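A closer look at the structure
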Amino acid sequence: DIQMTQSPATLSAFVGDTVTITCRASQNVRYWLAWYQQKPGKAPKLLISDVSTLQAGVPSRFRGSGSRTEFTLTISSLQPDDFATYYCHQYEDYSTFGQGTRVEI
Amino acid sequence: QVQLAQSGAEVKNPGASVKISCKASGYTFSNFFVHWVRQAPGQGLEWMGMINPTDGVTTFGQRFQGRVALTRDTSTDTVEMDLSSLTSDDTAIYFCARAAGTAPFDYWGQGTLVTVSS
């Protein structure tokens, strides 16, 4: 099984900050990497697919990058609505999620 | 619009089984795999398994093999997840989600809370 290691577990930031979340895969997942946002009591929402493809309606301040085993999600100019938990997800070999990163004020 | 509507919350005793349904609408059911993901209280997302609605072929994560079953009904565009031998560790929210082959999960159900308690 492919393991996904996400860091940090918690990230404290201010509105307007730029934050970066990292996800490392235990083996090459090529470009089959997605990022989700989850708010309390809600299902995850797909933000980015295939490493860097922004989903329709997702603000351009969200950016994904990386390849093979190292990936990052960058959120620029953090907005109040962005405070949530973020998960990476590999779908190269079935599915595995990272442990999540809580972005708090 | 695409929707995955899940059945309601369940409370079960240890050792029992639980069955959760996920009814798809707004798209061609056979064109997307249906996956199941669970989330224990305060914890992250854990992939359980998936079913191909076209042929009913299933694949499960190692932790769940032998304890989970997925079935589909193409007449009602519904997938059912059956989890057996429940323990308190199975207390979680269970989500269904769809994916088009090697793809992320673009639509999710609303989640079903399963509580295992004596």
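Residues numbered from 1 in each chain as written. Chains lettered and ligands numbered in written order. Predicted model: local features only at pLDDT ≥ 70, side-chain atom pairs only at ≥ 80, totals over all residues. Heavy atoms only, no water.

1. Structural notes on unusual backbone geometry
Geometrically, the link from serine 7 of chain A to proline 8 of chain A is a cis peptide bond, its omega value of -5° lying close to zero. Tracing the backbone through its elements, the reader meets proline 8 of chain A in the loop between strand S1 (4-7) and strand S2 (10-12). (Helix = DSSP H or I, 4+ residues; strand = E, 2+ residues; numbered from the N terminus.)

2. With respect to the interface of chain B and chain A
Each side of the interface is counted separately: chain B has 17 residues, and chain A has 17 residues. Buried surface at the junction of chain B and chain A, both sides included, amounts to about 1,400 Å², of which 71% is carbon and sulfur. Taken together, the connections running from chain B to chain A amount to 0 salt bridges. The interface formed by chain B and chain A contains 3 residue pairs in polar contact (both at pLDDT 80 or more). At the level of elements, strand S4 (33-39) and strand S5 (45-51) of chain B are the ones that each hand at least two residues to the side of chain B that touches chain A. Of all the elements, S5 of chain B adds the most residues to the side of chain B that touches chain A, at 3 residues. In terms of residue class, the side of chain B that touches chain A is made up of 9 nonpolar, 7 polar and 1 charged. (Contact = heavy atoms within 4.5 Å. Buried area = accessible area lost by both parts, 1.4 Å probe. Salt bridge = Lys/Arg side-chain N within 4 Å of Asp/Glu carboxyl O. Polar contact = N/O pair within 3.5 Å; in protein donor to acceptor, adjacent residues only side chain to side chain. Nonpolar A, V, L, I, M, F, W, Y, C, P; charged D, E, K, R; others polar.)

3. What to know about the state of the cysteines
Covalently bonding the sulfur atom of one cysteine to the sulfur atom of another cysteine gives a disulfide. Residue and element names in this part refer to chain A. Within the structure shown, the criterion is met by 2 disulfides over all chains. Across a sulfur-sulfur distance of 2.0 Å, cysteine 23 and cysteine 88 are joined as a disulfide pair. The S-S bond linking cysteine 23 to cysteine 88 shows a torsion near 60°; that makes this disulfide right-handed. A residue pair is termed long-range when its members are at least 10 positions apart, and cysteine 23 in strand S3 (residues 19-25) and cysteine 88 in strand S9 (residues 85-90) qualify at 65 residues. (Disulfide = S-S within 2.5 Å.)

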